[in-house]
Amino acid sequence: MARPTKASIDLAAFRHNYRVAKAQSPNSQAVAIIKADAYGHGAVKLAHALQEADAFGVACIEEAIELRESGIKQPILLLEGFFEESELELIQQHNFWTAVHSQAQIEAIKRQPQSSQFKIWLKLDSGMHRLGFSPQDYPAAFEQLNALPQVDNIVHMTHFACADELDKSMTQSQLELCISTLEKLDSKTSSFANSSATLAHPSTHSEQFKGYTRPGILLYGADPLSHPNSASEQLIPVMTLTSKIIAIREVKAQESVGYGERYRCERDMKIGTVAIGYADGYPRHAKDGTPVMVNGVRTQLVGRVSMDMLTIDLTDIPNAEIGSTVELWGKNVKAAEVADCCDTIPYTLFTGITRRVHKEYID
Ligand SMILES: *Cc1c(COP(=O)(O)O)cnc(C)c1O
């Protein structure tokens, strides 16, 4: 590996974060959400590092098959179910769990051989208004499926829109709608909580639901809560994105750095050029002042991010030299801080890492 740009993935931190999720809800099973290649961290590697996972969750059958073919034995949940009827045969063959969110999906299941045994996660739209049956239509959808010989069991599932914002009443309203909708239905197994709800809304995964939590982002060590709590503070970042300084120069006051002269030096400055850019997934819209760390000292991005390089302020870091390691995000510079400076969220930073970035797994 000549170009020194890499994402180090800490597998012990990943396991630790899963245990943090489990500890929040000891009576629930936890479906570790590893869609989108485990939020850019490498799904096959991470799944194998988490033998203790109760189940895994992914976005589509391609992601599920990749895991099965790599030897993953746990249940795998398709969070959006199937997109085409032809997937049902593979779902049966690999024994995947499938979400069902539409009447068309129910009709497709009815057409399957009577000997099929589908494990269904029936989606209730409790207010997110993205997928699922409305509270009015949900009981009928449930009864149709429950009566089918092709259906083995049904888990009730919903998704929260605002569980990361603790001061909003939306999560409580959604939960109340779930409880009143499910009251009269005979399956009681439920799955409501994503990472934020797992960490901050215990009522969404209480024992009465005999259920499953669905932690995603927390597994990767990014705190999804608008205000950290004692649980979220235990999370450890899994990905550390680093590169190295490949050039250093003195730039005079009033001169500019990088494309478009976006950054103008206020004083004589020492500028370091780092081998990482937007083609690696570091956001081009990162503002001047976005934090980075060099030799254990925090400093900042200056100038627009280029495709393969970016520039940082080394003026007050006398021991920085060519070859010094620069942390873009990780254990010291939190992905959430970087995300704030880019008007985005850690999810997009992690999933945006491109193929060119070498991944190194540490256990
Ligand atoms: C992605 C996803 C999750 C995990 O969400 P996080 O915010 O990352 O915890 C849970 N449930 C569903 C349905 C999802 O699509």
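Fair warning: this is a prediction, and the values are worked out from it, not measured in the lab.

Caption draft 1: Inspection of the nonpolar core at higher detail. If you look at the biggest cluster of nonpolar residues, it comprises 109 residues, and the most contacted ones within it are Ile34, Ile109, Leu122, Leu145 and Trp329. At 6 residues, helix 1 (residues 11-24) tops the list of elements feeding residues into this core. The residues contacting Leu145, other than those within four sequence positions of it, are Val100, Ile106, Ile109, Ile120, Leu122, Val151 and Ile154. With 7 residues, the next largest nonpolar core counts Val251, Val257, Tyr263 and Cys265 among its residues.

Caption draft 2: Seen up close, the packing of helix 4 (residues 61-69) against helix 5 (residues 87-94). At a closest axis distance of 11 Å, the pairing of helix 4 and helix 5 adopts a crossing angle of 30 degrees. Put simply, helix 4 runs roughly parallel to helix 5. Classified by chirality, the crossing of helix 5 by helix 4 is left-handed. Contacts from Ile61, Ile65 and Arg68 in helix 4 reach Glu87, Leu90, Ile91 and His94 in helix 5. Partitioned by chemical class, the residues of the contact of helix 4 with helix 5 number 4 nonpolar, 1 polar and 2 charged.

Caption draft 3: Region of interest: the site of the ligand. The environment of the ligand is formed by Ile33, Lys35, Tyr39, Leu79, Met157, His159, Asn194, Ser195, Arg214, Gly216, Ile217 and Tyr347. A distance of 3.0 Å is found between an oxygen atom of the ligand and a backbone nitrogen or oxygen belonging to Gly216. At 2.8 Å from an oxygen atom of the ligand is found a main-chain nitrogen or oxygen belonging to Ile217. Protein contacts shield 92% of the accessible area of the ligand, which totals 390 Å² for the unbound molecule. Judged by the fraction of its atoms near the pocket grid, the ligand is located in the largest pocket. Looking at the shell around the ligand residue by residue, the class counts come to 6 nonpolar, 4 polar and 2 charged.

Caption draft 4: Here's a closer look at the UniProt feature "binding site: substrate" (unreviewed entry) in the protein chain. Mapped onto the present numbering, the UniProt feature "binding site: substrate" (unreviewed entry) falls at Arg130 and Met307. For the annotated residues, spread through 178 residues, the largest C-alpha to C-alpha distance comes to 34.5 Å, inconsistent with a single compact locus. Among the annotated residues just listed, those lining the largest cavity are Arg130. Mapped onto the elements, Arg130 comes out in the loop between strand 6 (118-123) and helix 7 (138-146). On the basis of relative accessibility, which here comes to 54%, the residue Arg130 falls in the exposed class. Setting aside residues no more than four positions away along its own chain, Arg130 makes contact with Lys123, Asp125 and His159. Apart from residues lying up to four places away in sequence, Met307 is in contact with Gly277, Tyr278, Ala279, Asp280 and Arg356.

Caption draft 5: Looking closely at the sheet that holds strand 4 (residues 76-78). Sheet architecture is open: 8 strands sit in the order 8-7-6-5-4-3-2-9, paired in parallel fashion. Both outer strands of the open sheet, strand 8 (190-191) and strand 9 (212-213), are each paired with one neighbouring strand and no more. Judged from the 3 bridges that link them, strand 3 (residues 55-58) and strand 4 form a sheet pairing that is parallel. Considered in strand 4, the bridge of Phe56 is made with Ile76. This element, helix 7, spans strand 5 (97-100), strand 6 and strand 7 (151-157) of the sheet and lies at about 160 degrees to strand 7.

So, how was this worked out
- Residues numbered from 1 in each chain as written.
- Predicted model: local features only at pLDDT ≥ 70, side-chain atom pairs only at ≥ 80, totals over all residues.
- Heavy atoms only, no water.
- Core = buried A, V, L, I, M, F, W, Y, C linked by side-chain atoms within 4.5 Å.
- Buried < 20%, exposed > 50% of the residue type's maximum accessible area, 1.4 Å probe, protein only.
- Helix = DSSP H or I, 4+ residues; strand = E, 2+ residues; numbered from the N terminus.
- Contact = heavy atoms within 4.5 Å.
- Axes fitted to C-alpha atoms, helices over the stretch in contact; angles between N-to-C directions.
- Parallel < 35°, antiparallel > 145°, perpendicular 65-115°, else oblique.
- Left-handed = near helix turned anticlockwise from the far one by under 90°.
- Nonpolar A, V, L, I, M, F, W, Y, C, P; charged D, E, K, R; others polar.
- Near = heavy atom within 4 Å.
- Polar contact = N/O pair within 3.5 Å; in protein donor to acceptor, adjacent residues only side chain to side chain.
- Areas by Shrake-Rupley, 256 points an atom, 1.4 Å probe, with all protein chains shown as cover.
- 1 Å grid on protein atoms, 1.4 Å probe; cavity = no way out; pocket = protein on both sides within 12 Å on 5 of 7 lines; lining within 4 Å.
- Sits in = over half its atoms within 2 Å of the grid points.
- UniProt positions renumbered as here; feature names shortened; annotations may be inferred.
- Pairing = 2+ DSSP bridges.

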